[in-house]
Structures are given as C-alpha cells and as structure tokens.
Amino acid sequence: MSIAASEINFSDLSNKPADSVRKLQESPSRTLLVHRRGDEEDLVLTTASRAQEVREVVSTTTALFVALMQHSESVRDLVTDVMPTAFPWVRFLPREDMQAFVVELVDTLQAADSLGTPAPVTQLISQWQHTAEVHADPRLLAILRQDGEDLGDVPAPGAATA
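Residues numbered from 1 in each chain as written. Predicted model: local features only at pLDDT ≥ 70, side-chain atom pairs only at ≥ 80, totals over all residues. Heavy atoms only, no water.

### A closer look at the confidence of the model for the protein chain
Next up, step 1: In this model, the protein chain carries a mean pLDDT of 88, and residues with pLDDT of at least 70 account for 91%.
Next up, step 2: Across the protein chain, helix H6 (residues 119-136) holds the top mean pLDDT of 95, while helix H7 (residues 138-145) sits lowest at 87. (pLDDT = per-residue confidence, 0-100. Helix = DSSP H or I, 4+ residues; strand = E, 2+ residues; numbered from the N terminus.)

Structural data, given as structure tokens:
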C-alpha cells in the first residue's frame, strides 16, 4: 500500500513551495511523499484535516477492538486464533504467551491511543517478535531455560565488546 499518491523531491518543496502545496491539495489522499537525498528518511507531508481524520480512524478502530476484547472470553479466544494471520511469527509462541501478547496488545493500544502515539504499540510488537524468535531457535531456547547458569555480565548499550 502506498503512503502517498503524489511524490516530490525535497528540493521541490523548498524551491517551489506553492507548486508543492498545490500538488498536496490535488492529491486524492491529501498527502505527499517527499524524497530526501542520500540516507535521509523520506517525509510524508499531509494536511492537518487529513492527519486528524487518520487519528480519528485509528482511535475509533482501537476503541472498537478494545470493547470487543473486553466483551467476552470467546472474542479473546477468537482473536488469539486469528492472530497468526496478522502476525505469522506468533506461531512460534506457546499458546499462553500468544494469549498474553493479545492482552498486552489490547492494553497498549488503548494506552497509546490516549497519548496519540503509536510508538508503544510498535515497541510491544517488536518485543514479542523477539520473544518468538527465541522460541523459534531450539538451541537459544535451551540456553535461556538452563537454571542457574551465569551467562556473564551484560554490557551497557553502546559499550564496546572485547
């Protein structure tokens, strides 16, 4: 799925701002993908009304999903059953971990929506995906399940290893 129907270069945005705004307003999605040079991340430019619409859709979808999950255990079981369709890697999680992921995901979606940021949701998904990676590797899982073995000090993030 494309983020924006229209695209411009960053230099066009700075050198021809009126043309860039016109292109934005004429875009069916009211968004522009702004390409930047080199390794710089591209930008998405949108109108304030479009950003508000997207926020409202996400908030409404989240509220509906949370309400369904809180409605009954059978809905939670159904969501757990269909979770591998949305996140194929959950197949490596034990069923109880998959259920824990579903519960945490719902709680985090609701909390993140109240803050207006998706960052906690993407962080949670990444953490659970890493947990699934451990379960997918029998050797690593066996090492982590060993009782009492000292695996050594964990270096601080960014610290050089010898």
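### Remarks on the sheet that holds strand S3 (residues 43-46)
Next up, step 1: Read across the open sheet, the three strands follow the order S1-S2-S3; overall the sheet is mixed. Only two strands of the sheet have a single neighbouring strand rather than two, namely strand S1 (6-9) and S3. The mean angle between the axes of side-by-side strands here comes to 30 degrees, regardless of whether they run parallel or antiparallel.
Next up, step 2: Bridge count for strand S2 (residues 31-35) against S3 is four bridges, and the pairing is antiparallel. Looking at the pairing, Leu33 lines up with Val44 of S3. (Pairing = 2+ DSSP bridges. Axes fitted to C-alpha atoms, helices over the stretch in contact; angles between N-to-C directions.)

### Some words on unusual backbone geometry
Next up, step 1: The backbone of Arg30 sits at a positive phi, close to 55 degrees, despite the residue not being glycine.
Next up, step 2: With respect to the helices and strands, the residue Arg30 is situated in the loop between helix H2 (17-26) and S2.
Next up, step 3: Residue classification places Arg30 among the partly exposed positions, given a relative accessible area of 26%. (Buried < 20%, exposed > 50% of the residue type's maximum accessible area, 1.4 Å probe, protein only.)

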